[in-house]
Amino acid sequence: MSSPPGLPEFDLPMIFADKVAGLGFQSGVFRVALAASVAGVTGETEIIKSGYLILSPEGMLELRSQVDQLLGELERRGLMNLKPAKLDG
C-alpha cells in the first residue's frame, strides 16, 4: 500500500489510534502509548492497545512543531477551533 499524499514512502505497518493512553519520559526518551476505541462483539466500545511511539527529546520537539503547524492550518481553514468558548469550564 502506498503512503498518503505528503508522507514519505515507508514499507512499514500503520498503527491506528484515537486515544493517547499514556505519555512518559524514561531513559532519555519519550514513550507515547496509543490506543483505539473499537466495537466489541456485544456492540459495546472497548479500548485496545495499538502501539507505542518512542521519541528522542529532539524528535518530540519536532513532532510538536509539526503538529502545531498542522493545527494552525486547520484552524485557519475553519475546520477546528482551538480557542475554548469559555475559560471557566
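Just above sits the structure.
Residues numbered from 1 in each chain as written. Predicted model: local features only at pLDDT ≥ 70, side-chain atom pairs only at ≥ 80, totals over all residues. Heavy atoms only, no water.

(A) Region of the structure containing the pattern of salt bridges. Tallied over the entire structure, the rule returns four salt bridges. One salt bridge connects Arg 76 with Glu 73, and the closest N-O pair in it is separated by 2.6 Å. Remark: Glu 73 and Arg 76 occur in helix H1 (residues 57-76); sequence separation between them is three residues, near one turn of the helix. Relative accessible area serves as the criterion here: at 25%, Glu 73 is assigned to the partly exposed category. By sharing partners, the salt bridges in this structure join Glu 73, Arg 76 and Arg 77 into a single network. (Salt bridge = Lys/Arg side-chain N within 4 Å of Asp/Glu carboxyl O. Helix = DSSP H or I, 4+ residues; strand = E, 2+ residues; numbered from the N terminus. Buried < 20%, exposed > 50% of the residue type's maximum accessible area, 1.4 Å probe, protein only.)

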